[in-house]
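Observations on the model geometry
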Amino acid sequence: GIVIEPKDMVSIIVSGRNPELVAMFNLPVVSFQAGSDAVTTASQQRLMPYTVDNEGFIDFPVLGKIQVKGLTRWQLAELIKTRLSDGGYVNDAVVTVDFMNFKVSVLGEVQSPGTYTIQGDKFTIFQAISQARDLTIFGQRENVTVIREKEGERVIYKVNLCDASIFESPAYYLQQNDIVYVEPSAIKARQSTTDDKSLRMTSIVLSGGSLAASIASIVISVLR
């Protein structure tokens, strides 16, 4: 499943029988403008998120620093619930953790390239391609690249959507900020090169025509 990494944003809600008691463990509700992370006076509201620092920690009310890197949201919820109980703060806490900025990008030969929000705890490469409305007729199903940032370094996975080995690939389940790139077929590549050459030749011809027109204009002016 999807695990929490540095710079991720998560919402954590603590609830229980005593609302006043659990209130101290919840961040305030703020207003957000749709499509933006900036606080505004808009009517859309949500809990202020926790941002995971570069070392993989969040600063949780009362409990202090908690290392969350590498945990699933279920594991983090259980960890906070245990810490609240063991510390004698809340014995009947219900902790809910949600991801707030988990996205992947699907680029290349797909019908609708773009960035998509991950829903749920597991998001496969097939789901990402489905979000992008499948490959175009020029997309190579045997040659798909997944680019992932792991501990500050970029890792590249090559996958074949038509081979059963994809289910064993680390790129089968996507992670936060993964980039899925579908390579064009050789036909599309040649077509793109031909179109580019045609465009350049048209530009040269037009430029030559403009030059000839300019020279003709100068000659007529001199003759007059």
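It should be noted that the structure appears before, not after, this text.
Overview of the structure. (Residues numbered from 1 in each chain as written. Predicted model: local features only at pLDDT ≥ 70, side-chain atom pairs only at ≥ 80, totals over all residues. Heavy atoms only, no water.)

**A word on the layout of surface pockets**
Note the following rule: Using only the protein atoms, space was sampled on a 1 Å grid; points where a 1.4 Å probe fits but cannot get out form cavities, open sets with protein on both sides within 12 Å along at least five of seven lines form pockets, and lining residues are those with an atom within 4 Å of a point. Grid points are joined across faces, edges and corners, and a volume is the space filled by probe spheres set on the points. Numbering of helices and strands starts at the N terminus; helices are DSSP runs of H or I of at least 4 residues and strands are runs of E of at least 2. Each residue is assigned to one of three groups, with Ala, Val, Leu, Ile, Met, Phe, Trp, Tyr, Cys and Pro labelled nonpolar, Asp, Glu, Lys and Arg labelled charged, and all others, Gly among them, labelled polar.
Empty space within the largest pocket amounts to approximately 610 Å³. If you go around the largest pocket, you meet 19 residues; those closest to its centre are Glu5, Glu149, Lys150, Glu151 and Gln176. A total of four residues in the lining of the largest pocket trace back to one element, the largest contributor, which is strand β10 (residues 139-150). Split into classes, the residues belonging to the lining of the largest pocket amount to four nonpolar, six polar and nine charged.

**A short note on the sheet that holds strand β7 (residues 94-99)**
Rules: Any two strands between which DSSP finds at least two bridges are classified as paired.
Read from one edge of the open sheet, three strands run β4-β1-β7, paired in antiparallel fashion. Pairing within the sheet leaves two strands with one partner each, and these edge strands are β4 (50-51) and β7. In terms of strand pairing, strand β1 (residues 9-15) meets β4 through two bridges, oriented antiparallel. Bridging across to β4, valine 10 finds its partner in tyrosine 50.

**Looking at helix α2 (residues 73-86)**
As a reminder, the rule being used: Given the number of residues in a helix, its expected span is that number minus one, multiplied by 1.5 Å. Burial status follows relative accessibility: with a 1.4 Å probe on protein chains alone, a residue under 20% of its type maximum counts as buried, one over 50% as exposed, and anything between as partly exposed. The arc under discussion is defined with respect to the helix axis, by the directions toward the C-beta atoms. Residue contacts follow a heavy-atom distance rule, with two residues in contact if any of their heavy atoms lie within 4.5 Å.
In this model, α2 (14 residues) spans 20 Å end to end at C-alpha, consistent with the 20 Å of a helix rising 1.5 Å per residue. Within the sequence span of α2, burial applies to Arg73, Leu76, Ala77, Ile80 and Leu84. Summarising the axial view, the buried residues of α2 lie within an arc of 100 degrees, below the 170-degree limit, and thus occupy one face. Across α2 from its buried face, at more than 90 degrees, point the exposed residues Trp74 and Asp86. Buried positions along α2 lie against β1, β5 (57-60), β6 (64-67) and β7.

**Let's talk about the sheet that holds strand β12 (residues 179-184)**
Applied cut-off: Throughout, an axis means a line fitted to C-alpha atoms (over the contacting stretch in the case of helices), and angles, computed between N-to-C directions, take values from 0 to 180 degrees.
With respect to topology, five strands assemble into an open sheet ordered β9-β8-β12-β10-β11, the strand pairing being mixed. Looking at strand neighbours, the two that pair on one side only are β9 (114-117) and β11 (153-159), the edges of this open sheet. The mean inter-strand angle of the sheet, taken between neighbouring strand axes irrespective of direction, is 20 degrees. Summarising the sheet, strand β8 (residues 103-108) and β12 pair through four bridges and their orientation is parallel.

**Here we look at the packing of aromatic side chains**
So the rule is basically this: Pairing of aromatic side chains here covers Phe, Tyr and the six-membered ring of Trp, requires ring centres within 6.5 Å, and sorts the geometry by plane angle: under 30 degrees stacked, over 60 edge-to-face, intermediate tilted.
Scanning all chains against the criterion turns up seven aromatic pairs. Centroid distance phenylalanine 99 to phenylalanine 102: 4.1 Å. Interplanar angle 25 degrees. Geometry classified as stacked. Here phenylalanine 99 and phenylalanine 102 have matching classes, each one buried. Pairing phenylalanine 126 with phenylalanine 167 gives two aromatic rings, centres 6.3 Å apart and planes at 40 degrees, and the pair type is tilted. With phenylalanine 126 in helix α3 (residues 125-131) and phenylalanine 167 in the loop between β11 and β12, this residue pair connects regions lying 41 residues apart in the sequence. Phenylalanine 126 sits in the partly exposed class, given a relative accessible area of 32%. The structure contains a cluster of three or more aromatic residues connected by ring pairs, namely Phe126, Phe167, Tyr172 and Tyr173.

**Some words on the environment of methionine 100**
Tracing the backbone shows methionine 100 in the loop between β7 and β8. Remark: the alpha-carbon pair of methionine 100 and methionine 9, spanning 91 residues in sequence, is separated by 5.5 Å.

**Comments concerning the environment of valine 159**
By secondary structure assignment, the location of valine 159 is in strand β11. Residue class for valine 159 comes out buried when judged on its relative accessible area of 5%. Along the primary structure valine 159 and proline 170 are separated by 11 residues, whereas in three dimensions their C-alpha atoms are 9.7 Å apart. Setting aside residues no more than four positions away along its own chain, valine 159 makes contact with Ile125, Arg141, Glu142, Asn143, Val144, Ile166, Ser169 and Ala171.

**Description of the side chain of threonine 124**
Looking at where threonine 124 falls in the secondary structure, it is placed in the loop between β9 and α3. Threonine 124 sits in the buried class, given a relative accessible area of 10%. Threonine 124 has contacts with Tyr172, Tyr173 and Leu174, leaving out every residue within four places of it along the chain.

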